Every structure is written in C-alpha cells, then in structure tokens.
Amino acid sequence: MENNRTYTILNISDLAKVDFSQVGETSANTVRKSIDETQFAIKYNTTPTFISDKAVTPIDVLNYSEVLALMATDAWSTNEE
Amino acid sequence: MPILYNKDKKNGLFYIPSGGLGPSVSAAFSYDKSSYNQSESDPTPTITGTAGGSFNATAGLVFVDTGTHNSSTGQIDLSASTIDNHSITYTVDGVQSGVTIGVTAAPFSNVYSFEFDGVDETFSTGLSLAYTAVPNVTLSCWVKVNYTGVGAHTSSYPVGINSSHPNGSPIRLHYNGSTSLILIQGQGGNTFGTTNLNDGNWHHILQTIQYDTGGTIFNVYIDSVKEITDKLLYAHIPLTGDFVIAGITTSTKYFKGNIDEVSVFNSVLSQTDINTIYGSGTPSNISSLNPLAWYRMGEEATFNSGTGIWTLTDQGSGGNDATSNNMEEADRKTDTP
C-alpha cells in the first residue's frame, strides 16, 4: 500500500515541544534520532498544530521515498558491513 | 368432570389439586451440537421442557448473561470458557436434566501480518534473551521484504535482540541494492545465505543460536532449508537486551516490509521441528513445540486508539506481550504467507 504520510525532520531541542497525540510516533523515547542525536524524525497524515502555528520549525519536510533515502545516509544509519 | 385412569387398580381416596391435573414438569433441553470451538457463535440451548428454570455448569464454563457458571438463559460464552468437557444441568420445579458440552480451541487461522515502514516502526517485547539466562535460542519469523527505496549496502533486522554487540544476535538481512540475503558476521568474516528474499514473496527465516564453550554457533534456515551452517562467533551473545521485532534501535537498522508469525524458543530446534514450522509453506499451529514467545502478528492483537499502541498477546509460555512503537492501526494488513 502506498505510504502517503509526511515525514518531518526536527531539531532535537524541539523534542519536548512535540504533541505525540498528533503524530505517528509513540513517545519521545521511541523517536528515531540521527546518529549524532541532533535531529529526530516524526510522521503524520495531518500537519500537527505545533508545526502549523510555527511553535516548531522543521529542518526538512519529506515524503516516504525521500525519508527512506535520508535514513540510508551515514547521518542516520551505521554501516557495519 | 375429571376422568381418572387407575391402571394399577389401587384402592383409596384420590386427591385432585384445586387447579386440576396440570401438565407434567420436564427439564428437557438441548444444544444443537455436543461440541463447539472457541471461534464459533455463543450457543443458546433450546428448552423443550418447562421454561423458567435455571442452568448450572461445572467450573470453567462461563455463561453469557452472568459471566459465571450459573445462568437463566444457558447461552455459553465460548471464548471465556476453558477448553474441556463441561456438564450443564437445567433445573425447573425440582426436576433436573443434564448434557455434556465440549469446548475446543479455535482452529488455527492466519489472516493478518504487520507492515513496517523501515523508518522507525517496531515492537518491543520485554523478553530478555541474554545468553547467561537463555544459552540456546531459536528465532523464527515469516517475512515479505520490500526494499523499494531502501539504500543499497544496508542491513535490517526483522527480529533480534537489542544489544550493544554489533553483530550476530539478530536475524540480519543484507541488501545490496537489488537482492537481499541473510548475513552472519563471525569467524572468517561475512557469510551470506543464497536465497534472494527481496523477491516480493513471503519467506520463512529461522535462526538457531547455540551456546558453545568456544563461542556462539549460528545456523540459518530459509524456507526450512539450511543456508548457513555452524557459523562461529568467538563472543557469547546475545550479551544483554530484549527481543524486538522490526528494528534494533541501538543499531538503527529497521525492517521494511511485512512480518508474520514471530516465535522464540529456548532451545535449538531440530530439522524435524523446523519442517513442522514451515509446513507446506504456510504458517501452522506451533503450540506443540512449546515456544517461549509466539506473536501472531495481527491475530490475538488489540489496538488502543487512545494511546495509539498495538498490543500483541504472547501465545508462548513466557507471557511477554509485545507493544508497538511508532505504529498506527492501519499497519495491520491482510497480507499473509
């Protein structure tokens, strides 16, 4: 099935500002963080109010294929091959 | 004028109740079958005798109207009743009759799997598989890999153990940009399986992890055929950590695709056992193999819309229910092996 959700990259300093009832992530403890833990990802079907009201400014707003490409980079995945 | 029939030719006075000679009382009743499985509709008896009585059953059988083994309707709550033969009696005006009703387990059915986005969706289980506690382990799962859009030369873990050790403990799929093979890192470097799992089909993967004084020995089976034999890691693993599904958060390796029928055994299964699990290429009831953990991945699952969390009831002996991380209700799919 096609994944039409929006994936957004946020600065780790904004983690406490996320209302997890508005995003697909369960809690601050389960978000995926970049390797250096300066950024994290969230996903949603409807833009959360904390973004629309500019309480949080995204680093990047991506579709599914774009976030998969980002997650494959060294910034987000360790390479142990 | 009532007519009395005195077939035994008794002498004496005959008393006629003030209401006359009423109909005789009967406690006759029946269910339409003598045995039901727990997935069937809750059966209600037909009372062919005198109505207005009450039902009583042996402990373990639960009636719908009371939630206990006493009832005025006799409708059986099959899913709440224990798997056993139960005696049910119906009593009316001091007259009683009984039947025996069998309650059996629901037949095995597999209609769901879970789809994972390869970004951050996983299940946690709380099942600790540290080698010091569980030295011999078998991990089993069915997967339908979908690596479209996933970067080349990456690994992902459909199931595994959260651990600080970088290799070995999970079932590990390596993706080179087109094909996906099982990979075990250990003595002598990397060893790959031979079956391309990224072919759009369901496959069964089973990995045994055996404690040995020299290290940990891995064997991997794809669709019941051994593809990696006696691969040795010098270290004893898994060191610590809990069993997880679809991603090892400590290694940023998330699985993209569908996963079904995940099980864990606290022993190294034999080829006969592995053949039983694989069957003819579709999942079957594995309860006879006494899994330590067994997640049906869609069956025996509940979604809490308030928290947005799926809970998978552990069908194994460990009682370690799994909970979802970063998933939604629509992630349960009717796509199965």
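In short, a report on the structure. Every value quoted in this text rests on a predicted model; they were computed, and no experiment measured them.

Cut-offs applied
Residues numbered from 1 in each chain as written. Chains lettered and ligands numbered in written order. Predicted model: local features only at pLDDT ≥ 70, side-chain atom pairs only at ≥ 80, totals over all residues. Heavy atoms only, no water. Pairing = 2+ DSSP bridges. Helix = DSSP H or I, 4+ residues; strand = E, 2+ residues; numbered from the N terminus. Contact = heavy atoms within 4.5 Å. Buried area = accessible area lost by both parts, 1.4 Å probe. Salt bridge = Lys/Arg side-chain N within 4 Å of Asp/Glu carboxyl O. Nonpolar A, V, L, I, M, F, W, Y, C, P; charged D, E, K, R; others polar. Buried < 20%, exposed > 50% of the residue type's maximum accessible area, 1.4 Å probe, protein only. 1 Å grid on protein atoms, 1.4 Å probe; cavity = no way out; pocket = protein on both sides within 12 Å on 5 of 7 lines; lining within 4 Å. Points joined across faces, edges and corners; volume = space filled by probe spheres on them. Arc of directions from axis to C-beta.

**Considering the sheet that holds strand β6 (residues 84–92) of chain B**
Hydrogen bonding along the main chain pairs the strands of a sheet, whether they run parallel or antiparallel.
Item 1. Taken in spatial order, the five strands make up an open sheet running β2-β7-β6-β4-β5 (chain B), and their pairing is mixed. Because the sheet does not close on itself, it has two edges, and the strands there are β2 (35–37) and β5 (70–71) of chain B.

**Details of the interface of chain A and chain B**
Item 1. In this complex, chain A contributes 25 residues to the contact, which on the side of chain B involves 30 residues.
Item 2. Summing both partners gives a buried area of about 2,000 Å² for chain A against chain B, and 42% of it is carried by carbon and sulfur.
Item 3. Where chain A packs against chain B, one counts five salt bridges.
Item 4. Across the pair Lys43 of chain A and Asp117 of chain B runs a salt bridge, and its minimum N-O distance is 3.7 Å.
Item 5. Listing elements by their share of the side of chain A that touches chain B, those giving two or more residues are β3 (39–44) and α2 (64–71) of chain A.
Item 6. If you tally residues by element for the side of chain A that touches chain B, the top one is α2 of chain A, at five residues.
Item 7. Its residues assigned to classes, the side of chain A that touches chain B shows 11 nonpolar, eight polar and six charged.

**What about the pattern of salt bridges?**
As a working rule, side chains carrying opposite charge can pair if their charged atoms are close by.
Item 1. Summed over the entire model, instances satisfying the criterion amount to 12 salt bridges over all chains.
Item 2. Close ionic contact of Lys43 of chain A with Glu25 of chain A constitutes a salt bridge, the shortest N to O distance being 3.3 Å. Taken together, the positions of Lys43 of chain A in strand β3 and Glu25 of chain A in the loop between β1 (6–11) and β2 (32–33) put the pair 18 residues apart, joining distant regions of the chain. A single burial state applies to Lys43 of chain A and to Glu25 of chain A, both of which are buried.
Item 3. Arg296 of chain B serves as the salt-bridge partner of Glu299 of chain B, at 3.6 Å between the closest nitrogen and oxygen. Arg296 of chain B shares its class with Glu299 of chain B; the two are buried.
Item 4. Connected through shared salt-bridge partners, Arg5, Glu25 and Lys43 of chain A together with Asp117, Asp120, Glu121 and Glu328 of chain B make up one network.

**Topic: empty space enclosed by the protein**
Empty pockets left among the atoms are what a rolling probe the size of a water molecule brings to light.
All names here are of chain B.
Item 1. Taken as a whole, this structure holds one cavity of 30 Å³ or more when the rule is applied.
Item 2. Its volume calculated, the largest cavity comes out at about 50 Å³.
Item 3. In terms of lining residues, the largest cavity is bounded by Ser140, Trp142, Glu261, Ser263, Ile277, Pro283, Ser284, Ile286 and Trp294.
Item 4. Within the residue set of the lining of the largest cavity, elements represented by two or more residues are β10 (137–145) and β22 (256–265).
Item 5. Looking at side-chain class alone, the lining of the largest cavity contains five nonpolar, three polar and one charged residues.

**Looking at the pairing of strand β8 (residues 113–117) of chain B**
All names here are of chain B.
Item 1. Of all the five residues making up β8, five are buried; the element is thus mostly covered by neighbouring parts of the structure.
Item 2. Here β8 shows a buried face lined by Ser113, Glu115 and Asp117 and a second buried face lined by Phe114 and Phe116.
Item 3. For β8 and strand β27 (residues 332–333), the ladder comprises two bridges, and the chain directions are antiparallel. Residue Ser113 lies in a different strand from β27, and its bridge partner there is Lys333.

**Focus: the layout of surface pockets**
Residues and elements named next belong to chain B.
Item 1. Counted as a void, the second largest pocket has a volume near 420 Å³.
Item 2. Together, 18 residues line the second largest pocket, and Ala106, Pro107, Arg296, Glu300 and Gln315 are the ones closest to its centre.
Item 3. By residue class, the composition of the lining of the second largest pocket is eight nonpolar, seven polar and three charged.

**So, α2 of chain A**
Item 1. For α2 of chain A, the complete set of buried residues consists of Tyr64, Val67, Leu68 and Met71 of chain A. In an axial view of α2 of chain A, the angular spread of the buried residues amounts to 105°, which keeps them on one side of the axis.
Item 2. Structurally, α2 of chain A contributes buried residues whose contacts are with β1, β2, β3 and β4 (60–62) of chain A together with β8 and β22 of chain B.

**Re helix α1 (residues 271–278) of chain B**
Residues and elements named next belong to chain B.
Item 1. Residues Ile274, Ile277 and Tyr278 constitute the buried set of α1. Angular distribution of buried residues about the axis of α1 spans 95°; they occupy a single face of the element.
Item 2. Where α1 is buried, its residues touch β10, β16 (203–212), β17 (215–222) and β22.
Item 3. Positive backbone phi, approximately 55°, marks Gly279, located one or two places after α1.

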